[in-house]
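Below, each chain spelled out in residue letters.
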Amino acid sequence: MEILVKNIVLPFDAPQEYALRQAKQTLGQILCRDITSGGHIYKKSVDARKRSAIKFVYTASVDADFTAAELETLKSAGYETLIDEDYAPPKPGIEPLTARPVVVGFGPCGMFCALTLARSGYRPLVLERGSDVEARGAAVERFIKTGILDTETNVQFGAGGAGTFSDGKLVTRINDPACRYILKTLHSFGAPEEILTSAKPHIGTDRLRAVVAAVRDEIVRLGGEIVFGCKVERFISDSSGKVTAVECVDSENKTLSFECGTIVLATGHSARDVYAYLASDDFAFLTKPFSVGARIEHLRADIDRALFGDFAGDPRLGAGEYAFSKHWDNGAPNRADTLQHNDTLQRSDPLRCSEAVYTFCMCPGGEVIAAASEEGGVVTNGMSVMARNGVNSNAALVASVDPAPGKPLDAVEFQRNLERAAFASARGGEYYAPCQTVGDFIDGKSGTPPTRIKPSYRGGCVVMRDLCTILPRDVTGRMREGILAFDRSLRGFAARDALLTGVETRTSAPLRIIRGDDFTAPGHANVYPCGEGAGYAGGITSAAADGLHTAEKIIARYKPAGCEDAGIRLGR
């Protein structure tokens, strides 16, 4: 039995084994005996609140032959046992599955759904509109270099989902035991070992591509099938409303049809055509809050120095990370109201006034990446490799917005309009991005060129524009207030030569596809909406967890089609 010992605080330069030694000593003092058996570091985070005395905070797991009485003593003292992290899928159900389960989308949600199904003998068929990892990398690189956009294979669409061309951040706020299993699974497919202990785990774009390829190969080895370049366009249903097949278009514009026993919709938050189709097919939606804004970019050295002082650059600390947020009550004054803004969008948008601004998806030592997936729209995101050793660091600086009830597709159109406005403002046709110095943004003017900090978006393909003519009044007002507030916590955040590059619109889905407790959409008994695109996740880990739980619902309900004849063993 393993016991977790939390909040072990040591100087960052102290050997890591000291934390485990201290954990054993602490438990030994409580139990009045020496503990010499094994253990490991379970979690590690940085405490840089005092730059002159930076600490690591550890959680250690101590493995010993504790007696029942000792476990009760430790429990009374507030110590927790480590929950069994082994995973076993549920027992297969008895409902006949007339054809293979079809998983639409191969992002984190679709990957873990398909992997879980494959490991339980269900031989899933995965349909992904974008390309495999190798071809996808070439398409993204071509877009960055030339501005030639492939609307089906890009930063949003393709093997691994949008997270493949991000930082590969695995931080999540959900409290789900499956998260630990997901980290261990990713590690088994090639993710770095430190994701198992870091409080802010990340894989990096360079490592994540290989992980995605390894998961793909395992699904195929277990009897699954993955078809890339295959966009689902229509469901074919029987008289009871059950979907029996899906109709697709491949990369050569040929129509294909695949039978399905169930269909999992793991299409991601950028597949807007899927939303339109589902709305026409009587699927129900709810609106949900989302956020829009821009990417703020600083020199990595400046961020590291502001966080770590004289210890900046120490490899044990890595590149500096931050996360900030600021909230207002309804009706709080906005001192930016007198500045010029995109009032046309402001009057026509379906949103309530934003009440929060925050940083999101911080990419230390990364770059601002061109993330468009539709012609005529500019979208930004952040990307970094595992080493996080680029010149700049960037993060999304976004304000929350809340759609009007009952108008989910209007919220999608609101995002699209912002992207089109950004495209039109900056050499439309070439996917240049509008950019503004923080100093100009604060002062309500534009035109000051980059100086010390160079824009990383497509190697500098930006045009200096006033973001207040693109984003709504409430959003830019909150962003301005946030910059000034965050500078009080991180000196230099409001540096006048820092850059804002827009627009950031794909932080999350602006709607939720309604599903029941069994995860199926009402009126569509074998359709399972899940993941970020369905509004049930926000990030790689939570999307993967939702995909895994969706697979569990299918396994618990259905018996694999033809498993007896094929001799497929159920379970793991």
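Let us look at the structure shown here. Residue numbers run consecutively from 1 along every chain, following the written order of its sequence. In keeping with the predicted nature of the model, local features appear solely for residues at pLDDT of at least 70, side-chain atom pairs appear and are counted solely at 80 or more, and the whole-chain, interface and lining totals rest on all residues. Values shown for side chains rest on all heavy atoms present in the structure; no hydrogens or waters enter the calculation.

### Overview of the packing of helix H7 (residues 272-280) against helix H10 (residues 408-425)
Now for step 1: Axis definition: a line fit to C-alpha positions, over the contact stretch in the case of helices; interaxial angles, taken between N-to-C directions, run 0 to 180 degrees. Here a strand is any run of E in DSSP of at least two residues, a helix any run of H or I of at least four, and the numbering for each starts at the N terminus. Between H7 and H10, the shortest axis-to-axis distance is 11 Å and the interhelical angle comes to 155 degrees. On the basis of the axis angle, H7 is roughly antiparallel to H10. Pair H7 / H10 crosses with left-handed handedness. Contacts from Arg272, Tyr275 and Ala279 in H7 reach Leu409, Val412, Gln415, Arg416 and Glu419 in H10. When an angle is under 35 degrees it counts as roughly parallel; over 145 it counts as roughly antiparallel; between 65 and 115 it counts as roughly perpendicular; any other value is oblique. Two helices cross in a left-handed way if the nearer one is turned anticlockwise from the farther one by less than a right angle. They cross in a right-handed way if the turn is clockwise. By definition in these notes, contact holds between two residues if any of their heavy atoms fall within 4.5 Å.

### A few points about the pairing of strand S21 (residues 433-437)
Now for step 1: Taken across its five residues, S21 has five buried, putting it largely inside the fold.
Now for step 2: Burial classes: relative accessible area under 20% of the type maximum marks a residue as buried, over 50% as exposed, and values in between as partly exposed (1.4 Å probe, protein chains only). Taking every second residue as pointing to the same face, both faces of S21 are buried, with Ala433, Cys435 and Thr437 on one and Pro434 and Gln436 on the other.
Now for step 3: One bridge is not enough; two strands pair if DSSP finds at least two bridges between them. Both S21 and strand S22 (residues 462-464) contribute to a ladder of three bridges, which runs parallel. Each bridged residue has a counterpart across the sheet, and for Cys435 the counterpart in S22 is Met464.

### A closer look at the nonpolar core
Now for step 1: Ranked by internal contacts, the top residues of the largest apolar core, which has 75 residues, are Phe66, Tyr322, Ile483 and Leu500.
Now for step 2: Excluding residues within four positions of it along the chain, Tyr322 makes contact with Ile296, His298, Ile303, Thr359, Met362, Asn394, Ala395, Leu490 and Phe493. As used here, the term nonpolar core means buried Ala, Val, Leu, Ile, Met, Phe, Trp, Tyr and Cys residues forming a set that is joined through side-chain atoms within 4.5 Å.

### Some remarks on the environment of Pro96
Now for step 1: As for its placement among the helices and strands, Pro96 is situated in strand S5 (residues 95-96).
Now for step 2: By relative accessible area, which is 56% here, Pro96 ends up exposed.

### Some remarks on unusual backbone geometry
Now for step 1: Omega for the peptide link from Gly502 to Val503 comes to 5 degrees, which places this bond in the cis form.
Now for step 2: Structurally, Val503 can be placed in strand S23 (residues 499-504).
Now for step 3: Notably, Asp282 is not glycine yet its phi reads approximately 70 degrees, a positive angle.
Now for step 4: Residue position: Asp282 is located in the loop between H7 and strand S13 (285-287).
Now for step 5: Phi at Arg458 takes a positive value of approximately 50 degrees, unusual for a residue other than glycine.
Now for step 6: If you trace the backbone, Arg458 turns up in the loop between helix H11 (438-443) and S22.

### Brief notes about the sheet that holds strand S4 (residues 80-81)
Now for step 1: In spatial order, the strands read S2-S3-S1-S4; together these four strands make up an open sheet with antiparallel pairing. In this open sheet, the two strands that pair with only one neighbour each are strand S2 (39-47) and S4.
Now for step 2: Where strand S1 (residues 2-11) and strand S3 (residues 55-63) come together, eight bridges link them in antiparallel fashion. Paired with Leu10 across the bridge in S3 is Phe56.

### Considering H7
Now for step 1: Every buried residue belonging to H7 is among Arg272, Val274, Tyr275 and Leu278, and all of these are buried. Projection of H7 onto a plane perpendicular to its axis shows the buried side chains occupying an angular sector of 150 degrees, all on one side.
Now for step 2: Structurally, H7 contributes buried residues whose contacts are with strand S9 (230-237), strand S12 (262-265), S13, H10 and strand S24 (511-513).
Now for step 3: After H7 finishes, the residue Asp282 shows a positive phi value of roughly 70 degrees. Comment: arc refers to directions from the helix axis out to C-beta atoms.

### Brief notes about the pattern of salt bridges
Now for step 1: The term salt bridge refers to a side-chain nitrogen of Lys or Arg lying within 4 Å of a carboxyl oxygen of Asp or Glu. Here the structure, examined in full by the defined rule, presents 31 salt bridges.
Now for step 2: A salt bridge links Glu80 to Lys6; its shortest N-O distance comes to 3.1 Å. A residue pair is termed long-range when its members are at least 10 positions apart, and Glu80 in strand S4 and Lys6 in strand S1 qualify at 74 residues.
Now for step 3: With a relative accessible area of 41%, Glu80 lands in the partly exposed category.
Now for step 4: The partner of Lys254 in a salt bridge is Glu252, with the nearest N and O atoms 3.3 Å apart.
Now for step 5: Its relative accessible area of 47% is what places Lys254 among the partly exposed residues.
Now for step 6: A residue is classified by how much of its surface remains accessible, and Glu252, at 56% relative accessible area, is exposed.
Now for step 7: Put simply, Arg272, Glu374, Glu413, Arg416, Glu419, Arg420 and Arg506 are held in one network by salt bridges that share partners.

### Observations regarding the sheet that holds strand S10 (residues 243-250)
Strand pairs in the sheet, formed through backbone hydrogen bonds, run parallel or antiparallel to each other.
Now for step 1: Strand order in the open sheet formed by three strands is S9-S10-S11, and the pairing between neighbours is antiparallel. For this open sheet the edge positions go to S9 and strand S11 (255-259), each flanked by a neighbour on one side alone. On average, each strand axis in the sheet is inclined to that of its neighbour by 30 degrees, with strand direction left out of account.

### So, the side chain of Thr505
Now for step 1: As for its placement among the helices and strands, Thr505 is situated in the loop between S23 and S24.
Now for step 2: By relative accessible area, Thr505 is classed as buried at 0%.
Now for step 3: For this analysis, a polar contact is any N or O atom pair within 3.5 Å, provided that within protein one partner can donate a hydrogen and the other can accept it, and provided that sequence-adjacent residues contribute only side-chain to side-chain pairs. Here the side chain of Thr505 touches Glu419 through a polar contact of 2.6 Å, side chain to side chain.
Now for step 4: Each residue touching Thr505, except ones within four places of it in the same chain, is listed here: Ser291, Val292, Val379, Gln415, Leu418 and Glu419.

### Focus: the packing of aromatic side chains
Now for step 1: Pairing of aromatic rings covers Phe, Tyr and Trp, the last through its six-membered ring, and needs centres within 6.5 Å; plane angles under 30 degrees mean stacked, over 60 mean edge-to-face, and all others mean tilted. Tallied over the entire structure, the rule returns 17 aromatic pairs.
Now for step 2: Between the aromatic rings of Phe324 and Phe486, the centroid separation amounts to 5.3 Å while the plane-to-plane angle is 20 degrees, which identifies the pairing as stacked. Remark: Phe486 occurs in helix H12 (residues 473-489) and Phe324 occurs in the loop between helix H8 (300-308) and strand S15 (325-327); sequence separation between them is 162 residues. The exposure classification of Phe324 matches that of Phe486, with both residues buried.
Now for step 3: On the numbers, 6.4 Å between centres and 90 degrees between planes, the contact of Tyr358 with Phe360 is edge-to-face.
Now for step 4: Classification of Tyr358 as partly exposed rests on a relative accessible area of 22%.
Now for step 5: The structure contains a cluster of three or more aromatic residues connected by ring pairs, namely Phe12, Phe56, Tyr58 and Phe311.
Now for step 6: Ring-over charges, as used throughout, are those where CZ of Arg or NZ of Lys falls within 6 Å of the ring centre and within 35 degrees of the ring normal. Taking the ring centre of Phe143 as reference, the NZ or CZ of Arg458 above it sits at 6.0 Å.
Now for step 7: Residue placement shows Arg480 over the ring face of Phe441; its charged tip is 4.7 Å from the ring centre.

### Looking at the environment of Lys242
Now for step 1: Its place among the elements puts Lys242 in the loop between S9 and S10.
Now for step 2: Along the backbone, Lys242 and Gly376 are 134 residues apart, and their C-alpha atoms lie at a distance of 37 Å.
Now for step 3: Ignoring sequence-local partners within four residues, the contact set of Lys242 consists of Thr98, Ile236, Ser237, Gly261 and Asn526.

### Some words on the environment of Pro11
Now for step 1: Tracing the sequence through the fold places Pro11 in strand S1.
Now for step 2: C-alpha of Pro11 to C-alpha of Phe106: the two residues are 95 residues apart in sequence and 42 Å apart in space.
Now for step 3: When sequence neighbours within four positions are dropped, the list of residues in contact with Pro11 reads Ile54, Lys55 and Phe56.

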